[in-house]
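Inside the fold
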Amino acid sequence: MPTYDIVNQGADDTGGTAIDSVLNGLIGGDTTVIFPPGTYKLNELVVPSGTDDFELIAPDGARLVPGVSDDNQRWIDVSSNGFVLDGFELDMRNTPLPPFVRMNSESGNWELRRLITRGRVRAATDTNVGSNSSSEARTYFRLSAAAGKRGLLQDCYFHEGACEPTEAGNRRAILVESAAGALTFNRCWFENWGENTIYAKKPAGRLKILNCYVRNSQNGLRLGGNTDVQNHVSIKDDQHPRQAWSNGSLQRGVNAEATDPADSSAGINTYDGTLTVADSDFYHRYSDSSCGGAITAPTPCQRIDVQNVRISYDSRKGHDAIYTLNGRMSDGTTPNLEYLQLQNVHVRNDHNSQYAISLEQLPDTWGTVSGVLGGSGAATDSSYVSERMTIGGNPTAPDTTPPLPSPPPLGEVPMEPSQLVRIDNKGNNSATTYRITAGDYALPAGNDGATITMSWGPNGEPRRPPNSAVATGTVPAGKVYAFYVTGGIVSTEANGPATWTVDGEPFDPNARSIFVTNTITSDYQQNRKQWQQADSVVPQNGIAIAKPLSFDGGNPVHTRLRNVDDGSFEYKLEEWVYLDGAHVSETFHTLATEPGEFELQLNSGSSYRVKSGEAAVSSKGKTVSLGNFFGSEAPVVLAQVQTFDGSDPIVTRLSDISNSSFGVTIQEEEARDGHLDETVGYIALEQGTGRIGNQPFEVRRTGTTITDSWTRLSFNQQYESPQFVANMQTMNGVDTANLRYRNLTGTGVEIKIQEEQSLDSEMEHTEEVVGFAVFEGAV
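Figured I'd write up the structure that's included with this text. (Residues numbered from 1 in each chain as written. Predicted model: local features only at pLDDT ≥ 70, side-chain atom pairs only at ≥ 80, totals over all residues. Heavy atoms only, no water.)

Bringing the overall build of the chain into the picture now. Secondary structure summary: the chain contains 2 helices and 61 strands in total. The C-alpha atoms of the chain give 30 Å as radius of gyration, which agrees with the globular expectation for 779 residues (28 Å, within 12%). Taking the principal axes of its C-alpha atoms as reference, the chain extends roughly 90 × 65 × 55 Å. Considering the chain as a whole, with its 779 residues, one finds that 60% of them fall into the buried category. In the chain, 77% of the contacts between residues at least 6 apart in sequence involve partners at least 24 apart. For the chain, the exposed surface amounts to about 27800 Å²; the carbon and sulfur share of it is 41%. (Helix = DSSP H or I, 4+ residues; strand = E, 2+ residues; numbered from the N terminus. Rg over C-alpha atoms; globule rule 2.2 N^0.38 Å. Buried < 20%, exposed > 50% of the residue type's maximum accessible area, 1.4 Å probe, protein only. Contact = heavy atoms within 4.5 Å. Areas by Shrake-Rupley, 256 points an atom, 1.4 Å probe, with all protein chains shown as cover.)

Listed below in structure tokens is the structure:
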């Protein structure tokens, strides 16, 4: 598969000159074009049928800027199979009429991933307010797929909308006019669209709308049958744009409109199949006639299945929160609602003249009906519903937490940086269980055809950031699951035959590693009393080392920990008493493990020793025995206070490290007296370089060369995302001091010893030995 760097091929990465001539020369089957960070002007990209598996990838994010302004102008137009667009900002800020993106009906197996729109996506007809011509509506993304093929729209943000909330617009975000193939929209964010946000009532193929978020936009999801909506959030709590052509304003949550007769040749079928709305939340509380119902079926499709849904509703619109009507199709017939389920449905209705649930068209067959209806408004006009639901109760309020992370700031793309974990159980006859613990969150993905699980939470339900740090469940035989993991992989477990990869590299989920590593960037610290929280950074009842600090702020400072337990700790940037305690943001890395003696096996087959524990230590010092665990070689020792029993600032110093013991003491600033006992945690590491489980690492000590001047350390291995922890190993200089670092790269780091100035102004420090450990964070 040819892979090209577009800049190396001659493309301008400043946005000054269009890249069309370069990019068109690279179009080909089984070809990947890499975009380094930069800005790229694109007039038009056409990928013809037969040019399969052509991919445009921006691994670290890049910006695409339209070179043409016209809402009837195609920008990216694809008719092939296997097209991928991943990792781009689509910058419309200086484009009066943005062009459109289209996946044509003969295309398939395409993936549009990690895209974010910058700026409003306006239409030329936005000024034709009240024209009453719906043909003036324009579409930003036109999506389809051929029969037997699929399409994926994932981690895409359309959050700036078509126009200001006070304006009128004719742009819809997504149109699926017809599609015989299967489409999945996973983790997409929509806000302030002036037309139907997702218009997808006609496709004959299966449509899944998973983990999406619609806020203050026109008709949220306009759908037909054969569609799943799961873990979706719809919010109407403020003004949103009007449709320009109608000069109207209507916000429905999920709207079923089986108005078009089936036409298999055109990929159209609005009626057949089930519309499922599950595990979803609707907050429609805006006292205006623009605020419509949460789940509506003016022209019902064949089957409607509503499960585990929470609604809060109030409006001046003549809509019920949930309703069905006897609407007509375009041929004059009334489609028949064959099946209706309303299972565990909770509705608070405060509309003064409309129902929580109104059913003009009743189903031929009922599924489970259960739930709670409450609020000051009427409950239901259906005796069948009133007999099976709790009326006048206290319904569960909707969870309005977005099912995806908030839009990233300008210059960043969604889910970056992240790792893609793939669990492949194809070709196997038994299931595989899995558990992934992330530093921040683990979210299911559909990359390369993976099945998107909706039950990855620890309770077998979908979860929402920031409460989705753990993904757990079962991959059925023959299936593939994938997860984006941010904040690093803390731990993994598996039982079964599936193979794992991380970013395409083989990965052993059960590889024994007693270590938890992480990178933490603090908030600005306002005063010395402010503590910050770090989660998923330490095993339960474990020991944490969190030093040295970066050198973004020059005042002498170090990390102080407390409440190191249950997977987390609290920390603060502890300046000395003579300073004011406020400090700029700093970055530090953590190494944590369980207490005990461990003899691990490296990937090379050799053994590797680690010993960790705790000791009660005061400013008088203590000698800690290592026994004969390390044989004849002295380990590198990392030690840090784990408690906050005394409030005066302290650092931990080491001395006399041998193969069998080491000395440890705690130091207050020179101008103050001794300190009472604190619990010091230590991790003693055998020197070595290699891989523990799936994690490259090295543990080394310097010569007696480190002073108050910056010294560069070079690593034995190159790291993609190095996590660096270090500790002075000697106490040649007795003045209170600790380490700082700067300029950390994949090949090395600069360190120095920093004294404090409570007693005198000098900060010179004699030569010391430093021990350090580097772990790869990108695993």
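From this point, the narrative continues.
Of note, the amide linkage connecting E416 to P417 takes the cis form, showing an omega dihedral of -5 degrees. With respect to the secondary-structure elements, P417 resides in the loop between β33 (390-391) and β34 (419-424). Between K547 and P548 the backbone carries a cis peptide bond, its omega angle lying at 0 degrees. Turning to its location among the elements, P548 is positioned in the loop between β44 (543-546) and β45 (557-565). Unlike most non-glycine residues, N247 shows phi in positive territory, near 55 degrees. Topologically, N247 is positioned in the loop between β22 (242-243) and β23 (254-257). Positive phi, close to 55 degrees, is recorded for D448, a residue that is not glycine. Among the secondary structure elements, D448 is positioned in the loop between β36 (441-445) and β37 (470-475).

The next point concerns the pairing of strand β3 (residues 31-34). Summarising the sheet, strand β1 (residues 3-5) and β3 pair through 3 bridges and their orientation is parallel. Following the sheet pairing, Y4 is matched in β3 by V33. (Pairing = 2+ DSSP bridges.)

The subject of this paragraph is the pairing of strand β11 (residues 138-143). Of all the 6 residues making up β11, 5 are buried; the element is thus mostly covered by neighbouring parts of the structure. Pairing of strand β9 (residues 100-103) with β11 involves 3 bridges; the strand directions are parallel. Opposite R102, over in β11, you have R142 as the bridge partner. One ladder, built from 4 bridges, connects β11 with strand β14 (residues 171-175); its direction is parallel. Bridging across to β14, T139 finds its partner in R172.

The subject of this paragraph is the sheet that holds strand β55 (residues 688-692). Sheet architecture is open: 4 strands sit in the order β55-β56-β61-β58, paired in antiparallel fashion. Whereas interior strands pair on both sides, the edge strands pair on one side only; in this sheet they are β55 and β58 (722-728). Strand-to-strand twist of the sheet, defined as the mean angle between neighbouring strand axes without regard to direction, takes the value 15 degrees. Where β58 lies against strand β61 (residues 770-776), 7 bridges are found, and the strand directions are antiparallel. (Axes fitted to C-alpha atoms, helices over the stretch in contact; angles between N-to-C directions.)

In total, this model carries 0 disulfides according to the counting rule given. Its sulfur unpaired, C163 is 18 Å from the next cysteine sulfur, which belongs to C291. Judged by its relative accessible area of 0%, C163 falls in the buried class. Classification of C291 as buried rests on a relative accessible area of 0%. (Disulfide = S-S within 2.5 Å.)

Strand order in this open sheet of 3 strands is β50-β53-β52, and the pairing throughout is antiparallel. Of all strands in the sheet, those bounded by a partner on one side alone are β50 (622-625) and β52 (651-655). The mean inter-strand angle of the sheet, taken between neighbouring strand axes irrespective of direction, is 35 degrees. As judged from the 5 bridges shared by β52 and strand β53 (residues 661-667), these two strands associate in the antiparallel manner. The partner of V651 across the bridge, within β53, is Q667.

Attention now moves to the side chain of E111. You can see E111 is positioned in strand β10 (residues 110-118). Of the residues examined, E111 reaches a relative accessible area of 1% and is grouped as buried. Aside from chain neighbours lying at most four places away, what touches E111 is F83, V84, L85, R150, L152, G446, N447, D448 and G449.

Turning next to the pattern of salt bridges. Applying the stated criterion to the full structure yields 40 salt bridges. For R113, the salt bridge is made with D86, and the minimal N-O distance between the two is 3.1 Å. Here D86 lies in strand β8 (residues 84-91) and R113 lies in strand β10, a separation of 27 residues in the sequence. Here R113 and D86 have matching classes, each one buried. Of the charged contacts, one joins E416 and R114 as a salt bridge, the two residues approaching to 2.8 Å between their closest N and O atoms. Remark: R114 occurs in strand β10 and E416 occurs in the loop between β33 and β34; sequence separation between them is 302 residues. On the basis of relative accessible area, R114 is assigned to the buried category, the value being 5%. By sharing partners, the salt bridges in this structure join D86, E111, R113, R114, R150 and E416 into a single network. (Salt bridge = Lys/Arg side-chain N within 4 Å of Asp/Glu carboxyl O.)

Take the packing of aromatic side chains next. Counted by the stated rule, this structure contains 28 aromatic pairs. Between W531 and F644, the ring centres sit 4.9 Å apart and the planes meet at 85 degrees, which makes this aromatic pair edge-to-face. Of this pair, W531 sits in the loop between β42 (516-521) and β43 (532-534) while F644 sits in the loop between β51 (636-641) and β52; the two residues are 113 residues apart in sequence, bridging distant segments of the chain. By relative accessible area, which is 16% here, W531 ends up buried. (Phe/Tyr/Trp six-rings, centres within 6.5 Å; stacked < 30°, edge-to-face > 60°.)

Before going further, it helps to examine the side chain of S655. Position of S655 relative to the elements: it lies in strand β52. Beyond its immediate stretch of four places on either side in the chain, S655 contacts F662, G663, Q729 and M731.

The next thing to look at is the nonpolar core. Counting 90 residues, the largest nonpolar core has F35, F83, F141, I174 and F185 as the members making the most contacts within it. For F83, the contacting residues outside a window of four places in its chain are L45, V47, F54, L56, I76, V78, M103, N109, W110, E111 and L112. Counting 31 residues, the second largest nonpolar core, distinct from the first, contains L152, L420, A445 and V485. (Core = buried A, V, L, I, M, F, W, Y, C linked by side-chain atoms within 4.5 Å.)

The next subject is the environment of G488. Positionally, G488 belongs in the loop between β38 (480-486) and β39 (489-495). Once the C-alpha coordinates of G488 and R122 are considered, the two residues, 366 residues apart in sequence, prove to be 38 Å apart. Not counting chain neighbours up to four residues away, the residues in contact with G488 comprise Q419, T437, A438 and G439.

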